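# Notes for the structure review
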Amino acid sequence: MLFPELEARVAEVRSRIRAAVERGGRGQTVTIVAVTKTHGPEAVLAASEAGLADVGENRVQEAVAKMDAVSVPVRWHLIGHLQRNKVKSLDRFTLFHALDSGRLADAVHAFGVERGKSVDALVQVNVAGEATKGGFSRAELEQQMVKLASLDGLRIRGVMTMARLGADEVELRRTFAGAREALAVVKGAGHPATELSMGMSNDYEIAVEEGATMVRLGTTLFGARE
Ligand SMILES: *Cc1c(COP(=O)(O)O)cnc(C)c1O
């Protein structure tokens, strides 16, 4: 078995999530998205066997290779940036977490219309305003969400964010609370948005306290990446 400790790690993560929900007092349900990037298809099999039904990949090509290699009933999440000329690949994913611009939204909408079924996506918000990170700023969200609500090939189901690498607890809470406020803005613009995708191996407990409904976990489940 390639990931012998996975079941124990899943149990540990679930118990930490339960405790964090309790501390946060928001009562939300939290989905674990098992991030299998850089690992082989066997990580997907292991995740499925350990009871995880959601798998996240950040690159389309790598994801599709794994989808073709395993046939387990998991939901695939695309958690990384997508180029506009690759929107058709969204057909193979349950949820796209990284809708990061109005132009990409237009392309995703066009694809949703073309295939006759809208695409479910989360808008990525750049709460900390980092130049190196993609996503909508708070100001762009306010400007663009109403327009996006008219794109019927696209359904905005919530918000995704990533905290700054090395952020301390105060900054993490500020970032995650900012994403929660962004979700309220998105909802207010008329989107069927309920999901808050935030929290990775190093910061998921704080994210859950702040209201995360999806945590994206790689390292803490599968060990360090090469
Ligand atoms: C790799 C990745 C993760 C998982 O990171 P870990 O720190 O290994 O848990 C989560 N979200 C995104 C967008 C990623 O690219």
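If you're wondering where the values come from, they're calculated on a predicted model, not measured in any experiment.

## Quick word on the environment of Val159
- Mapped onto the elements of the fold, Val159 is located in strand β6 (residues 154–160).
- When neighbours within four sequence positions are excluded, Val159 is seen to be in contact with Leu122, Val123, Val125, Ala179, Ala182, Leu183, Val186, Glu195, Leu196 and Ser197.

## Let's talk about the environment of Ala8
- Position of Ala8 among the secondary structure elements: in helix α1 (residues 6–24).
- Ala8 sits 213 residues away from Leu221 along the chain, and the two C-alpha atoms are 9.2 Å apart.

## With respect to helix α2 (residues 41–49)
- Restricting attention to buried positions, one finds in α2 the residues Ala43, Val44, Ala46 and Ala47. Looking down the long axis of α2, one finds its buried residues gathered within 165° of arc, a one-sided arrangement.
- One or two residues past the end of α2 sits Gly51, with phi positive at roughly 90°.

## Details of the nonpolar core
- Core analysis: the largest hydrophobic core is formed by 73 residues, its most contacted members being Ile17, Phe96, Leu99, Val123, Val159, Val215 and Leu221.
- If we skip the residues at most four places from it in the chain, Leu221 touches Leu6, Arg9, Val10, Val13, Ile32, Ala34 and Leu52.

Conventions used here
- Residues numbered from 1 in each chain as written.
- Predicted model: local features only at pLDDT ≥ 70, side-chain atom pairs only at ≥ 80, totals over all residues.
- Heavy atoms only, no water.
- Helix = DSSP H or I, 4+ residues; strand = E, 2+ residues; numbered from the N terminus.
- Contact = heavy atoms within 4.5 Å.
- Buried < 20%, exposed > 50% of the residue type's maximum accessible area, 1.4 Å probe, protein only.
- Arc of directions from axis to C-beta.
- Core = buried A, V, L, I, M, F, W, Y, C linked by side-chain atoms within 4.5 Å.

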